[in-house]
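Examination of the molecular architecture
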Amino acid sequence: MIRFIASAAIAATSLVAFAAPAFAHATLEVQEAAIGSGYKAVLRVPHGCGTEATHTVRVQIPEGFYNVKPMPKAGWDLATVTGSYERGYENHGTTLTEGVKEIVWSNGNLPNEWYDEFVFRGTFASTLEPGTFYFPAVQECANGEEAWIDISGDEGAEMPAPSVELVPATSAGH
Amino acid sequence: MRLLAPMQLLAALLMFALVPVEVAWAHAQLLSTSPAENAIVEAAPEQVELRFNEPVSPLTITLIGPEGASLDATGTATGGVTSVVRMPADLARGTHVLSWRVVSADGHPIGGSLVFSIGEITGSAAVEPTSDRAVAASLWAAKTLLFTALFAGVGAAGFSALAPLPPLARTAALWLSVAGAVLGPVSLGLQGLDALGLPLTAFADVRAWSTGFSTSYGATTIAAVLAFAAALASLLMPRSGWSNSLGILAAAIAALSLALSGHASAAAPQWLTRPAVFLHIAGVLFWVGALLPLWLLLRGRTDSADKTLASFSRFIPYAVAPLVLSGLTLAAIQMGWPGTHWATPYGFILGAKLSLLALLFGLAIWNRRWLTAPALAGDTLARSRLRRSIGWEMAIIVVILGLVAGWRFTPPPRALADAPAELVAEPIMAHLMDGETMAMVMVTPGRVGPVVLETTISDFEGFPIDAQNVRLTLANPDRGIEPITREASLIDEVWRIEDMTIPVTGNWQVSIEVRISRFEMVRLRGELIIP
């Protein structure tokens, strides 16, 4: 009987592990967004590189998320890498052909024991298809890094890129 | 007590449904070990320490010794930031693997393997998985019965699409399907026990089930249970277009289930082997499924019996032709050109199977060419001969299924062909690719023990790809060994790993993570067969 209880307990643990998706991963706070709408991304960084403190956080802005503005963060330097978009995006009458491709928060200090959030906003192009949209992100520490760049979508992926589910504009309740 | 077994089974099944989602949520991280990874220590350590970045509880700790024997050490492991695993007093000299799986406070299990050696690095090529004899015998019996139930039960359900089953055959097929639906999960648990080297008494052990499930046999079991359910539904319905379609669907799922696992399906090229296994099994299903109904029908002389016999006789060439073609293809892939490697247990089983098949085909041809027509014309002697001959066919088929179930215990010569015993030092290669990237992995020497892994990465035109770093992971879920991961270093355009020890023979899953740029990573997967 004890063995049964143990089995059931482990099964229940697994269930909980599944039901609470990966607090241990770097994730986005809002997991769903409508195509063609603005989105405030809150990147949650739950731990350092092993035991080391994080000093730099980099986020890649893939094609299709435009008019991007990062939020400055006290204690961190903020820089962006800009470049040309593959196509132009309409923004209140003007066509944007270039913008932020990467955001870098650097020279900060986020110990492994602490938690922090990094914020940026932008707009999802109306030409995007519904599905998972990934923002690959890399945490850099003194002697290593945590690269959340796996966009395979594998359930068992060890370090998945932070992602948001894109849904058609109508179903998002505008 | 009577309630206990089903409840344990239920718990195990619950696990079985959940296991795939509990893989490697990166949180707790292994920081260091004592002895260190790949260390050679003079004296047997009293304990092994695994230090993590946060407290963990051990789930499964297995120690695999130089002889290949698995020892469950979960009970002696402590939890905490440092997990201490007490070692048995009589540790043998040679290379050991400590395969661990722990769960951190937030409920995310992680696993890995620590390789260390006492006195000297060993890795004898003769290492055989030591499985409990009772477990091996039960597994073999369960699989033989499962195959029999699958071919006779689901096969009959499929055959009923062609002709109505006699009542006794329908009842037999029903019970075979019920038995198969139970035997499927039972054989999965036994597969897990066999992989971990646990005794029969550990049947309710969660680890056996999760290990069984993590092998490709897990998918086979699920599909087989679905096939039995579809066959049951089709047999319980009154005969109609619906029940016929369900019967055919059941047979298709059954053929698919066996194409999902096994040596033959694992062989390259998979685009050829998997469809070949599917066709092979589908042909067997039609043939075997028809035998019991025919045997029962031939007891008397009715119009429906004659009709069934005539339609069987008309359709059987369409089942046998793909059966023979796919069988020859698979045998050629598995065995290669004739040579000394044919004298292996795998070769002997194939030889025995082929001899029995020759006998079976002899009977079948005799039946079809010389007995069917007179039997249909009303010749009583021909009818009773045909019936006896079908009885023999059924007996031979059960023996063949028993032989096929024995294949699980022998690796095919294909696996040994790359490095026959006298040439064990030859490197073993694996070719991995996805839509855009290819990797060639070379293991030198191609045997267990300390090895050097060399990986070259290129695009589809063969031009080398500049990577920032390359990580290679080896895992052996068949033996319950958790992943061993190493960073490669770039030397003369080849990514080299020198501190890897492959502890046991068998099929190792290899996965390579290629970091193309800061934000881009490619993962390639494949298999290495270490003889």
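Please read all numbers here as calculations on a predicted model, not as lab measurements.

**Here's the deal with the overall build of chain B**
Along chain B, the regular secondary structure elements total 12 helices and 15 strands. Per-residue burial over chain B gives 45% buried out of 531 residues. At a minimum sequence separation of 6, the contacts of chain B that also span at least 24 residues come to 69%.

**Details of the sheet that holds strand β4 (residues 54-60) of chain A**
All names here are of chain A. Pairing in this open sheet of 5 strands is antiparallel, and the strands run β6-β7-β4-β10-β11 from one edge to the other. If you trace the sheet from one side to the other, it starts and ends with β6 (77-91) and β11 (144-148), each paired once. Each neighbouring strand pair of the sheet contributes to a mean axis angle of 20 degrees, computed without reference to strand direction. In terms of strand pairing, β4 meets strand β10 (residues 137-141) through 5 bridges, oriented antiparallel. Note that in β10 the partner of R58 across the bridge is V138.

**A word on the packing of helix α2 (residues 133-159) of chain B against helix α5 (residues 217-236) of chain B**
Residue and element names in this part refer to chain B. With their axes 9 Å apart at the nearest point, α2 and α5 run at an angle of 45 degrees to one another. As summarised for this structure, α2 and α5 are arranged oblique, according to the angle between their axes. Between α2 and α5 the crossing geometry is left-handed. Here L150, G153, V154 and A157 of α2 lie close against α5, whose contacting residues are A224, A227, F228, A231, S234 and L235. Grouping the amino acids of the contact of α2 with α5 by side-chain chemistry returns 8 nonpolar, 2 polar and no charged.

**Structural notes on α2(B)**
Its 27 residues give α2(B) an end-to-end C-alpha distance of 37 Å, which sits within 8% of 39 Å, the value for a rise of 1.5 Å per residue. With 20 of 27 residues buried, α2(B) lies mostly within the body of the structure.

**Some details on the sheet that holds strand β8 (residues 428-433) of chain B**
Residues and elements named next belong to chain B. Strand order in the open sheet formed by 8 strands is β8-β9-β10-β13-β12-β11-β14-β15, and the pairing between neighbours is antiparallel. Pairing within the sheet leaves two strands with one partner each, and these edge strands are β8 and β15 (520-530). Neighbour-to-neighbour, the strand axes of this sheet turn through a mean angle of 25 degrees, independent of strand direction. Pairing analysis gives 6 bridges linking β8 to strand β9 (residues 437-444), with the strands arranged antiparallel. Each bridged residue has a counterpart across the sheet, and for M433 the counterpart in β9 is M438.

**Focus: the pairing of strand β13 (residues 494-502) of chain B**
Residues and elements named next belong to chain B. One ladder, built from 6 bridges, connects strand β10 (residues 449-459) with β13; its direction is antiparallel. Residue pairing across strands places L453 opposite I497, the latter belonging to β13. Bridging between strand β12 (residues 481-491) and β13 involves 3 bridges; their strand directions are antiparallel. Looking at β13, one finds that I491 is bridged to V494. Taking the residues that link successive antiparallel strands as the turn, the β12-β13 hairpin has 2 residues, and the phi of D492 there is positive, at about 50 degrees.

**A word on unusual backbone geometry**
In this chain, B:S34 is followed by B:P35 through a cis amide linkage whose omega measures 0 degrees. Positive phi, normally seen in glycine, also occurs at A:H92, with a value near 50 degrees. Along the polypeptide, A:H92 turns up in the loop between β6 and β7 (94-106).

**A look at the environment of A:P46**
Along the chain, A:P46 turns up in the loop between β3 (38-45) and β4. Residue A:P46 is classed as partly exposed on the basis of its 16 C-beta neighbours within 10 Å.

**Side note on helix α10 (residues 345-377) of chain B**
Residues and elements named next belong to chain B. Over its 33 residues, α10 extends 46 Å from the first C-alpha to the last, a length consistent with the 48 Å expected when each residue adds 1.5 Å. Largest kink in α10: about 50 degrees, centred on L371, with the proline P374 one to four residues after it. Residues Y346, L350, K353, N367, L371 and A375 constitute the buried set of α10. Just past α10, the residue G378 takes up positive phi, approximately 105 degrees.

**Considerations on the pairing of β9(B)**
Successive side chains on a regular strand alternate, one facing one side of the sheet and the next facing the other. Residues and elements named next belong to chain B. If you look at the hairpin formed by β8 and β9, you'll find 3 residues sitting between the two strands. When β9 meets β10, the two strands line up antiparallel, connected through 8 bridges. Each bridged residue has a counterpart across the sheet, and for V443 the counterpart in β10 is L453.

**A look at the confidence of the model for chain A**
Residue and element names in this part refer to chain A. Here chain A shows a mean pLDDT of 85. Residues at 70 or above account for 84%. Least confident of the elements in chain A is helix α1 (residues 2-19), whose mean pLDDT is 45; most confident is β4, at 96. A low-confidence stretch, residues 1-6 stays under pLDDT 50, and its non-local contacts, those more than four residues away or across chains, total 7 contacts. A low-confidence stretch, residues 8-22 stays under pLDDT 50, and its non-local contacts, those more than four residues away or across chains, total 21 contacts.

**A short note on the packing of helix α8 (residues 270-297) of chain B against helix α9 (residues 303-335) of chain B**
Residues and elements named next belong to chain B. Packing of α8 against α9 brings their axes to within 8 Å, and their N-to-C directions diverge by 150 degrees. Considered as vectors, α8 and α9 are oriented roughly antiparallel to each other. As α8 runs across α9, the sense of the crossing is left-handed.

The rules behind the values
- Residues numbered from 1 in each chain as written.
- Chains lettered and ligands numbered in written order.
- Predicted model: local features only at pLDDT ≥ 70, side-chain atom pairs only at ≥ 80, totals over all residues.
- Helix = DSSP H or I, 4+ residues; strand = E, 2+ residues; numbered from the N terminus.
- Buried ≥ 20, exposed ≤ 12 C-beta atoms within 10 Å, placed from the backbone.
- Contact = placed C-beta atoms within 7 Å.
- Pairing = 2+ DSSP bridges.
- Axes fitted to C-alpha atoms, helices over the stretch in contact; angles between N-to-C directions.
- Parallel < 35°, antiparallel > 145°, perpendicular 65-115°, else oblique.
- Left-handed = near helix turned anticlockwise from the far one by under 90°.
- Nonpolar A, V, L, I, M, F, W, Y, C, P; charged D, E, K, R; others polar.
- Expected span 1.5 Å × (residues − 1).
- Bend = angle between axes of the 7 residues up to and from the residue.
- pLDDT = per-residue confidence, 0-100.

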